[in-house]
Structures are given as structure tokens and as C-alpha cells.
Amino acid sequence: MSLIHLFLFAGLVSLEAAASFSPGSRSILRDIGSDIADQKDNAVELNATNFDSVFQDSPAKYAVLEFFAHWCPACRNYKPHYEKVARLFNGAEAIHPGVVLMARVDCAIKMNVKLCDKFSINHYPMLFWGRPSKFVGGSWGPKQEQNEISVVDEWRTADLLLNWINKKIGSSYGLDDQKFGNEHLLPNISDHEQISHAVHDIEEATEEAFDIILAHKAIKSSETGVSFIRFLQLLVAHHPSRRCRKGSAEILVNFGDMCPSGECSYDQDSAVNATTLRNFHICGKDVPRGYYIFCRGSKNETRGFSCGLWILMHSLSVRIEDGESQFAFTTICDFINNFFMCDECRRHFHDMCLSVKTPFKKSRDIVLWLWSTHNKVNERLKKDEASLGTGDPKFPKMTWPPKQLCPSCHLSSTEKTIDWDHDEVYKFLKKYYGQKLVSSYKKDGDSASKEEVVAAAEEMAVPTNALVVPVGAALAIALASCAFGALACYWRTQQKNRKYYHNPHYLKRYSSNYMVMNTFSNSESEREKER
């Protein structure tokens, strides 16, 4: 009898064990393969909806595009090879970011059938090569002549594909390359063209600054609210990236609803406001990407965000007009004072702002002041980093611009001082942070089509209870890129009969002897007169 009981007990245990793996044996397989399943793909998955936008917005110089079908055994077996190469170029941990965009399209998904037909896909997988901009609205056919998209003919292993890419662009990348710095960006000290990569970094820094404000819930009063509004006005008018101008305008228009009296709602499930600041991406939903290119340091903790923020401020300064110089100066000073979370850095910058006793009248004034301020900051940090060993060995702090970049800027120099030709410095900064910065960006299509302008205007329709922005915002919008011309006119029409009252104490921070702009006059009668 005891033997029978033993068998029954064993049977119950085995049934219980089987039940613990329900449903069926798939959970056992999931357990075994969980490490593989949890690995994030580096290749970007595209479809008919996001195809053009991903290529249009990519900062990469080149692109590899794989067409496959998820049911194809050969495609499944090839995926690990493709991913080995993709990890070098894609994602936050990319070894060589900004060089090649690695993307894939699944032709077995119904919505992608027409897209695959455009590229004459007749077997799987098929790989194509070209510049990202050429894939936007692009196609390929075996009989097409002078097509700037070509078929990759050596791809069957990761080694073959990477060797083919190396031959194509004259590089020597290896599958075992490790993340150790910006070896492909080292010429930025002497090469003017390297700054064209910085638009990507400016977008990244703009979004990161916005994310920091959200994380710290830094807009806490009418004073910080006004500071944020004015910075948005500056971005809408002068940010070098179209997507950041558009994103800033969206936040600006909706700010009154989200932050009445400067008290913002941050939680997405807030009962008070269905729409909060967290619903917005100041530079579009694809940013941040998680890495820098021009501003990438040789160590994770160096350069990056602070470098991108400096370039953003320089790029804004060279784009403003004479009448905006004082507004831009106080706007930048207040933004750093309110929202830059490095306390010592913030206080040093604030002190340099307070040292300015005469209002700026020319755009040249703020361009040269920001340049001089940046060099003073570098000089201070250079001493600290030298004594503590915390600097970036590949990107040591230096006085800018070096003689390699602008020989005419240097009149004479000693071991401790440089005698500058300020006219030449100004011309260099205007070109370097202006024309050079956006050169490659504009080549990839910075101008908007008529359809994009109309769509932007429709998307930005102002609700009846929207924030009332001062006339300065409308003027800023009017000065923005032509892509937002229709939006600016629409916005100004909607806003012209409304009022927005600024905190007067805020406007007196930097000097009691002058005001920022006529827009921010003390008396309500003057504000009404301007309207």
C-alpha cells in the first residue's frame, strides 16, 4: 500500500511541476532564450509610415537598407550578421555614430508591400546602399540608369558586409572595434567642415535641456515661466534646426494651458490638464537619440551635453539681428541661471552676465561677448581639470578659435595672452556657427514644401484658451525660417488682441538702468501702444 501511495505522490508532484510551466512547454523555451529575446536590435525597423522621415532626419552620411521577410529562414539566419555591423553605427552605444544608418524593412507585412515594390524586391534578403537623403521618396530598378542607390553585392556574413562598407567609404572599421572616443572627429580643431555635424548635437542638447527641466520640475513660478517662454521665442526664431523651431512653437502656443501663472503640470495622467509638458518633444519624437557626434568625448563623462549647449548658444547669437541683441543676451543669461543644474557653473555664468553694465545694441556685441565668456570658462576649467586630472585627454580645454582654424584672428600671442583682431573673430564666428554649421543640413533639405507649411499651420491651430504670447513672440516667429511663414501669420492673427503680463521683478535682474526690449516696458500703456 505504501508503494502505491509513493507512486501517487510522485505523479502529483510531476503534474504540479508541469503546471508551473504553463501554458505548455513554451515557458521553458522562453526561459532558455530570454537572454537572446531581451537583446535590443540596433538596426532601425522601418515601415511605409516612417520610411521617409527616418531617412530625412538621419544625421548619418550613408545608409544600408535591408529588405527581408520575417518568414524567410535565410533572413532569420542573416539577422545576427546584420546586427553585428549595426552595433558599430546605430544606437546610444554605437562605436562609430553618425557614419552609416543601418535599417530594415519587412516586406511580409502588408503595409510595406508597395514600398518593397518601389525597390523591385524579387528575393530575400536584398541590401541597398546610398546617402539617406536619396532614399527619401526613392526607388530602385535593375534597368534604372544613374541611380544613386546601389545594390550591396557582398553581404552574406558580417565580415563581408563591413569590408564592403569599408571599401565604399575608405574606412578601416572592424567588428571588434570598441567604444573609445571620437577618432573620426579629431580633425575638428583644424577642419572647418566638421562643425556641419553639430546640428545633430544641437538638437540633442536642446532636447536634453528640455528633459532636465521636466525631470527637475524647474518651472515653478511666473518668473521661471517667463524665462522659459522667452527662451522658446529665441528658439522659434533662430534655432538652426527646423524640427526644433517647430517643436518650440508648439510648446509656446500651448504653454498658457499647461502652465497657468507659471505653475506647470508635469504628469501625463494629471486630472487638471490632459496635455502636459511631458506630451511634447521640443525637437521631435526621434530626439534624443542618445549620443553626440561633434561633441562626443573620449570618455563618457566629458563633453556631450555641455558642448552641445555652448554650440546652441553660439549658433543663436550669430543669427539674431541688431535689435534683438539685448533680448537674446538677457534671455540666455536667465535661462542658464534658472535651468542649468550645475550650481557652480551657473553662478560663474551669472556673475559674468551681471558684469555687463551697458546694454547691447548690435548683434556683434552678443556674438563677441559669448565668445569671450566661453574662453573665460575654458580657461577656468582648464586649470581645474589640470590639477584634478578630470579633463578629456583628447579634447583639452583651449582658447578658441585656435590659429589652425582662424589665422587672421590672431594678431600676436605670448605664452599667456593672445592679441585678437575682433573684426576677424566676429567674421569667423558668424561663418563658423552660421553658414558652416548648417551647410550639410541644408543640403539634405532644410526647406519645407508648400504641403509641409500648410500641414504645420493646421497642426498649430490655436485653441480659444491658448497662451497669450507677447508681441515679441510674434515678431520672433515672423523672423523664423520661411517654412514657418504661414504659421507665423496665422499665429499673429489669432493673438493680436490678447495680453500677457510679465513679472516686472524678473526684468530688472541684470540692470536697473535699462529694460530688455521695448516689448517688456514697465508701463501697461506702453505695452498697449506697441500692440
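Residues numbered from 1 in each chain as written. Predicted model: local features only at pLDDT ≥ 70, side-chain atom pairs only at ≥ 80, totals over all residues. Heavy atoms only, no water.

Turning to the packing of helix α8 (residues 198–215) against helix α11 (residues 305–317), a few remarks are in order. The contact between α8 and α11 brings their axes to 8 Å, and the two run at 105 degrees. On the basis of their axis angle, the class for α8 and α11 is roughly perpendicular. Each of Ala198, Asp201, Ile202, Ala205, Thr206, Glu208, Ala209 and Ile212 in α8 lies in contact with α11, whose residues at this interface are Phe305, Gly308, Leu309, Ile311, Leu312 and Ser315. Grouping the constituent residues of the contact of α8 with α11 by class yields nine nonpolar, three polar and two charged. (Axes fitted to C-alpha atoms, helices over the stretch in contact; angles between N-to-C directions. Helix = DSSP H or I, 4+ residues; strand = E, 2+ residues; numbered from the N terminus. Parallel < 35°, antiparallel > 145°, perpendicular 65-115°, else oblique. Contact = heavy atoms within 4.5 Å. Nonpolar A, V, L, I, M, F, W, Y, C, P; charged D, E, K, R; others polar.)

For the rest of this paragraph, the subject is the packing of helix α14 (residues 363–388) against helix α15 (residues 422–435). Running from amino to carboxyl end, α14 crosses α15 at an angle of 90 degrees, the nearest separation of the two axes being 10 Å. Classified by the interaxial angle, the pair formed by α14 and α15 is roughly perpendicular. Residues Ser363, Arg364, Val367, Leu368 and Trp371 of α14 form the contact with α15, whose own contacting residues are His422, Asp423, Val425, Tyr426 and Leu429. Grouping the amino acids of the contact of α14 with α15 by side-chain chemistry returns six nonpolar, two polar and two charged.

With 13 residues, α11 should cover 18 Å at 1.5 Å per step; its first-to-last C-alpha distance of 18 Å lies within 8% of that length. Among the 13 residues that make up α11, twelve are buried, leaving the element largely enclosed by the rest of the structure. For α11, the complete set of buried residues consists of Phe305, Cys307, Gly308, Leu309, Trp310, Ile311, Leu312, Met313, His314, Ser315, Leu316 and Ser317. In this fold, the buried residues of α11 make contact with α8, α9 (222–238), α12 (325–339), α13 (343–354), α14 and α15. (Expected span 1.5 Å × (residues − 1). Buried < 20%, exposed > 50% of the residue type's maximum accessible area, 1.4 Å probe, protein only.)

Here we come to the nonpolar core. Ranked by internal contacts, the top residues of the largest apolar core, which has 78 residues, are Ile219, Phe228, Ile251, Leu277, Ile311, Phe349 and Trp369. Counting only elements with at least two residues in this core, the list comes to α8, α9, α10 (242–258), α11, α12, α13, α14 and α15. Among residues more than four places away in sequence, those in contact with Phe228 are Phe210, Ile213, Ile219, Ile251, Phe255 and Phe339. (Core = buried A, V, L, I, M, F, W, Y, C linked by side-chain atoms within 4.5 Å.)

Another aspect to go through is the packing of aromatic side chains. Here the structure, examined in full by the defined rule, presents 29 aromatic pairs. With a centroid separation of 5.2 Å and an interplanar angle of 15 degrees, the aromatic rings of Tyr62 and Trp129 are classed as stacked. Highlighted residues: Tyr62 in strand β2 (residues 62–68) and Trp129 in strand β4 (residues 126–130), separated in sequence by 67 residues. A relative accessible area of 6% places Trp129 in the buried class. Seen from their ring centres, Phe89 and Tyr173 are 5.6 Å apart, and the 70 degrees between their planes marks the pair as edge-to-face. Taken together, the residues span a long stretch of sequence, with Phe89 in helix α4 (residues 73–89) and Tyr173 in the loop between α7 (158–169) and α8 at a distance of 84 residues. Taken as a pair, Phe89 and Tyr173 share a single burial class, namely buried. Among the aromatic residues, those joined into a ring-pair cluster are Phe51, Phe55, Phe67, Phe119, Phe128, Phe135 and Trp140. When the ring centre of Phe395 is taken as reference, the NZ or CZ atom of Arg303 above it lies at 4.1 Å. (Phe/Tyr/Trp six-rings, centres within 6.5 Å; stacked < 30°, edge-to-face > 60°. Lys NZ or Arg CZ within 6 Å of the ring centre and 35° of its normal.)

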